[in-house]
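Here's the letter readout for the chains.
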Amino acid sequence: MARFPEGFLWGGATAANQYEGGWNEGGKGESCMDRATNGTHTEPRKIDMAYNPEHTYPAHTGVDGYHRYKEDIALFAEMGFTVYRFSVNWTRIYPTGFEDEPNEEGLAFYESMVDECLKYGIQPLITLSHYEMPLAICQKVDGWASRETIDLYLKYAKTLMRRLAGKCHYYLTFNEINVGLMGNMGNYMSLGIYNEGTVDMRHQADIPQKRFEALHHQFIASALLVAWAHKELPDVKMGCMQAFMLSYPLTPNPADIELVQERRRLMDWYCADVQCRGAYPYFAQKIWDDEGVTMQISDEDARILAEGKVDFYSHSYYQSNCTSANPQEESSGNLMGGAKNPYLKETAWEWPIDPTGLRVMLNLVYERYQIPIFVVENGLGQADVVNPDGTIDDDYRIEYLRDHVNAMADAIADGVDVIGYTWWGPIDIVSNADGQMAKRYGFIYVDKDEHGNGTYNRSRKKSFWYYKRLIASNGEDVA
Ligand code: BG6
C-alpha cells in the first residue's frame, strides 16, 4: 500500500523577511522585522525602535529572493515541488498600513511569484502574516493591541486575495499564532507590540493584559477573513498555523504529567481551539486568571469566531522537550524552554531531534479536530561545510528529512489526514530566532556569510538530489 495519498503536496516554505531582502525597493515600507539586528545563538537580536546605521539588519538583504525568485522557483520545480509556501510582506502592499490605495508594484511582484509557481505546476500556499507587519502600525497604534489593526489587516489581505483570485487556493492567516502567548519573545514579532523596558528579541517587556487582547484581535481578524473568503472565494482553503510545542513529562511523577497537560492547554490548544472550533476552550478562563488578565468576549465577537472556523490545521514541528515540576531540571538552554530529554540527540543550536514526536503530535491534533493537517514547517538548521570542489555533503539533513517523512507516513497509516509537507527553508535563508546565516536549512546553498558578504549564488547540496528522488516516488524512495 502507498504510504502517501495520491496528490499529496510536497514542497518547501520561506518567509518574506528572511528570504526577500529588497527592503526599500518597489515602493515597500518599513516592516517591524526591518528593525531586528543580527544575533547569534547566545547573543539575542536587538530591536531598534530608532534606526541605527551602525547595525546590520538581516531582513534588509535576506538572500535576495526579491531579485532571484525566478531562479529559485525553477530550482524548486527541478526538485519536483508541487507546493511552495511563502509569505507576503504586508509593507509591499500597504507601505505603512494606513494608505487607502495599495502599492501596485507590490501586488504585481507577488502575482509574478504566483505565476512563476503556476508555470511549473506548483501550488502557492501563502502566509498572510509571518512575523512581520508595517512598522508604522507598531509605532502609531501599538500593533495588534489596537482593534483598529483588524481593519488594516483585512484591507491588506482582501486586496491581495482578490488580486490572486483563481490563482492561489491556500492561505494561512497568521504564522505560529500561539507564539503571541510567549511574553518574552512574542510581543514584537508576533503582535507588533514594543513595550518600554524591552531588552532584546528574547527578553521583551510584557504586559499580559495587552498581549491577550492583541491575540484576541488576531483571532477576530482571522475569523473575519476566513468567513469572507468562504463567501467570496469558494475555491480557497483557509488554514491556521501553530508552532506545535510537543512536551513530554520528564518523569512519571504526577506533578510532571499535570504540568504537561497545563502547558499543552496553553501552548497547543488555546489558539488552535479558537481557530478550529470557533470558540475559546473551557479552560480559557483559568488561563486568564493565572495570567491576571480580564477578558470579556462580547456576543458579537463570539459570533464572529464561530463563523470563521478554518478549513485545515497547519503547523511547524522541529523538536520536542520535557516538562518537569522541578525548576532545576527546566533550564535546558532550549529556545522552547523545558528540560533535556536523555533519549534524544540535539542540534548545535540545542534543538532536540525527535521524529517520533511528529507522529505523536499529528495524532494528538487529529484526535482533537478531525480536519486535514498540513505540515508546513519542519527542518534542520545546521552549519554546512563547503568541500573544496564546491559540493556539500549534508547527510545529517537527509537523515532528519527521511526520519520525519517516515514518522509522517506512520501517522497517515494511523489514519491521520495529512495533506502536505513543506520543508522549512528549502533554500538557505536568514534564521529567525538568531538572525544568522550560519544556521542553514536549505537543500540549496546560498553564498552569503554572517556579515552579508558573498555572491549570493545558489548551488545544490547533496540533499537536493535526495528530496528530488523522494518527491518523484511520492515518499516511497527514502533509502
Ligand atoms: C519557525 C518560524 O518558528 O521556525 C520561522 O516560523 C523560523 O520563521 C523557523 O525560521 C526556524 O527557526 P530559526 O530560528 O532556526 O530560523
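Below is a short write-up of the structure. For clarity, every value in this text was computed on a predicted model and none was experimentally measured.

Rules used in this analysis
- Residues numbered from 1 in each chain as written.
- Predicted model: local features only at pLDDT ≥ 70, side-chain atom pairs only at ≥ 80, totals over all residues.
- Heavy atoms only, no water.
- Core = buried A, V, L, I, M, F, W, Y, C linked by side-chain atoms within 4.5 Å.
- Buried < 20%, exposed > 50% of the residue type's maximum accessible area, 1.4 Å probe, protein only.
- Helix = DSSP H or I, 4+ residues; strand = E, 2+ residues; numbered from the N terminus.
- Contact = heavy atoms within 4.5 Å.
- Phe/Tyr/Trp six-rings, centres within 6.5 Å; stacked < 30°, edge-to-face > 60°.
- Salt bridge = Lys/Arg side-chain N within 4 Å of Asp/Glu carboxyl O.
- Near = heavy atom within 4 Å.
- Polar contact = N/O pair within 3.5 Å; in protein donor to acceptor, adjacent residues only side chain to side chain.
- Areas by Shrake-Rupley, 256 points an atom, 1.4 Å probe, with all protein chains shown as cover.
- Nonpolar A, V, L, I, M, F, W, Y, C, P; charged D, E, K, R; others polar.
- Pairing = 2+ DSSP bridges.
- Axes fitted to C-alpha atoms, helices over the stretch in contact; angles between N-to-C directions.
- Expected span 1.5 Å × (residues − 1).
- Bend = angle between axes of the 7 residues up to and from the residue.
- Parallel < 35°, antiparallel > 145°, perpendicular 65-115°, else oblique.
- Arc of directions from axis to C-beta.

With that settled, consider the nonpolar core. If you look at the biggest cluster of nonpolar residues, it comprises 148 residues, and the most contacted ones within it are Tyr 153, Tyr 270, Met 408 and Tyr 467. At 11 residues, helix 8 (residues 208-232) tops the list of elements feeding residues into this core. Setting aside residues up to four positions removed in sequence, Tyr 153 forms contacts with Trp 90, Leu 128, Ser 129, Trp 144, Thr 173, Phe 174, Ala 221 and Leu 225. Ranked by size, the runner-up nonpolar core spans 9 residues in total, among them Leu 9, Leu 125, Met 241 and Phe 374.

Let's shift gears to the packing of aromatic side chains. Describing an aromatic ring pair means giving the distance of the ring centres and the angle of the ring planes. Inspection of the entire model under this criterion finds 38 aromatic pairs. A centroid spacing of 5.9 Å and a plane angle of 75° characterise the contact between Phe 81 and Tyr 467, whose relative ring orientation is edge-to-face. Of the two residues, Phe 81 sits in the loop between helix 2 (65-79) and strand 2 (83-87) while Tyr 467 sits in helix 14 (residues 462-472), which places them 386 residues apart along the sequence. Each member of the pair, Phe 81 together with Tyr 467, is buried. Between Tyr 270 and Tyr 280 the ring centres are 5.7 Å apart and the planes differ by 55°, which places this aromatic pair in the tilted class. Of this pair, Tyr 270 sits in helix 9 (residues 254-277) while Tyr 280 is found in the loop between helix 9 and helix 10 (284-291), placing the two residues 10 residues apart along the sequence.

What follows is about the pattern of salt bridges. A complete count under the given rule lists 35 salt bridges for this structure. The salt bridge partner of Asp 72 is Arg 458, with a shortest N-O separation of 2.8 Å. One end of the pair, Asp 72, is in helix 2; the other, Arg 458, is in strand 12 (residues 458-460), and 386 residues separate them in sequence. One exposure class covers both Asp 72 and Arg 458, and it is buried. The shortest N-O distance in the salt bridge between Arg 359 and Asp 414 comes to 2.8 Å.

As a further point, take the site of the ligand. In the vicinity of the ligand, 14 residues are found, and the nearest of them are Glu 176, Asn 432, Ala 433, Lys 439 and Tyr 441. In the environment of the ligand, an oxygen atom lies 2.8 Å from a nitrogen or oxygen atom belonging to the side chain of Gln 18. Contacts to the ligand include Tyr 318, whose side-chain N or O atom sits 3.5 Å from an oxygen atom. Here the ligand, which alone exposes 380 Å², has 95% of that area covered by the protein. By residue class, the composition of the shell around the ligand is 6 nonpolar, 5 polar and 3 charged.

Let's shift gears to the sheet that holds strand 10 (residues 418-424). Spatially, the 8 strands close up into a barrel ordered 1-2-3-4-5-7-9-10, and their pairing is parallel. In this sheet, neighbouring strand axes are inclined to one another by 25° on average, regardless of whether the strands run parallel or antiparallel. Sheet topology places strand 5 (residues 237-243) next to strand 7 (residues 312-316); 5 bridges connect them, and they run parallel. Within strand 7, the residue paired with Ala 243 across the bridge is Ser 316. Docked against the sheet, helix 4 (residues 104-119) engages strand 2 and strand 3 (123-127), running at close to 170° with respect to strand 2.

A few words now on unusual backbone geometry. If you check the backbone angles, Tyr 131 has positive phi at about 50° while not being a glycine. Here Tyr 131 shows up in the loop between strand 3 and helix 5 (135-141). One non-glycine residue with positive phi stands out, namely Tyr 456, at about 65°. Following the sequence through the fold, Tyr 456 ends up in the loop between strand 11 (444-446) and strand 12.

Turning to helix 2, a few remarks are in order. Since the α-helix advances by 3.6 residues per turn, residues separated by three or four positions end up pointing in the same direction. The end-to-end C-alpha distance of helix 2, which contains 15 residues, comes to just 18 Å, noticeably less than the 21 Å that a straight helix rising 1.5 Å per residue would cover. In helix 2, a bend of some 35° at Glu 71 exceeds every other bend along the element. Within helix 2, burial applies to Gly 65, Tyr 66, Arg 68, Tyr 69, Asp 72, Ile 73, Leu 75, Phe 76 and Met 79. Where helix 2 terminates, the next one or two residues include Gly 80, which has phi positive at roughly 95°.

Between helix 2 and helix 4, whose axes approach to 9 Å, the crossing angle comes to 10°. The angle between the axes of helix 2 and helix 4 places the two elements in the roughly parallel class. Note on element contacts: helix 4 touches helix 2 through Phe 109, Ser 112, Met 113, Glu 116 and Cys 117, opposite Tyr 66, Tyr 69, Lys 70 and Ile 73. Partitioning the contact of helix 2 with helix 4 into residue classes produces 6 nonpolar, 1 polar and 2 charged.

Our focus in this paragraph is the environment of Gly 62. Locating Gly 62 in the fold gives a position in the loop between helix 1 (16-19) and helix 2. In this structure, the C-alpha to C-alpha distance between Gly 62 and Asp 115, residues 53 residues apart in sequence, is 22 Å. Excluding residues that lie within four positions of it along the chain, Gly 62 makes contacts with Gln 18, Tyr 19, Gly 21, Val 430, Lys 448 and Tyr 456.

You can see Ile 373 is positioned in strand 9 (residues 373-377). Classification of Ile 373 by relative accessible area gives buried; the value is 0%. Sequence separation of Ile 373 and Phe 312 is 61 residues, and the distance between their C-alpha atoms is 5.8 Å. Excluding its chain neighbours within four sequence positions, the residues that come into contact with Ile 373 are Tyr 313, His 315, Leu 362, Val 365, Tyr 366, Val 416, Asp 417, Val 418, Ile 419 and Gly 420.

Let's shift gears to helix 10. Buried within helix 10 we find Ala 284, Ile 287 and Trp 288. Down the axis of helix 10, the smallest arc covering the buried residues is 95°, so these residues share one side. For helix 10, the secondary structure elements touched by its buried residues are helix 8 and helix 9.

Attention now goes to the pairing of strand 2. The buried fraction of strand 2 is high, at 5 of 5 residues. Both strand 1 (residues 9-13) and strand 2 contribute to a ladder of 3 bridges, which runs parallel. Bridged to Gly 12 within strand 2 is Tyr 84. In this structure, strand 2 lies alongside strand 3, joined through 5 bridges in parallel fashion. Looking at strand 3, one finds that Val 83 is bridged to Gln 123.

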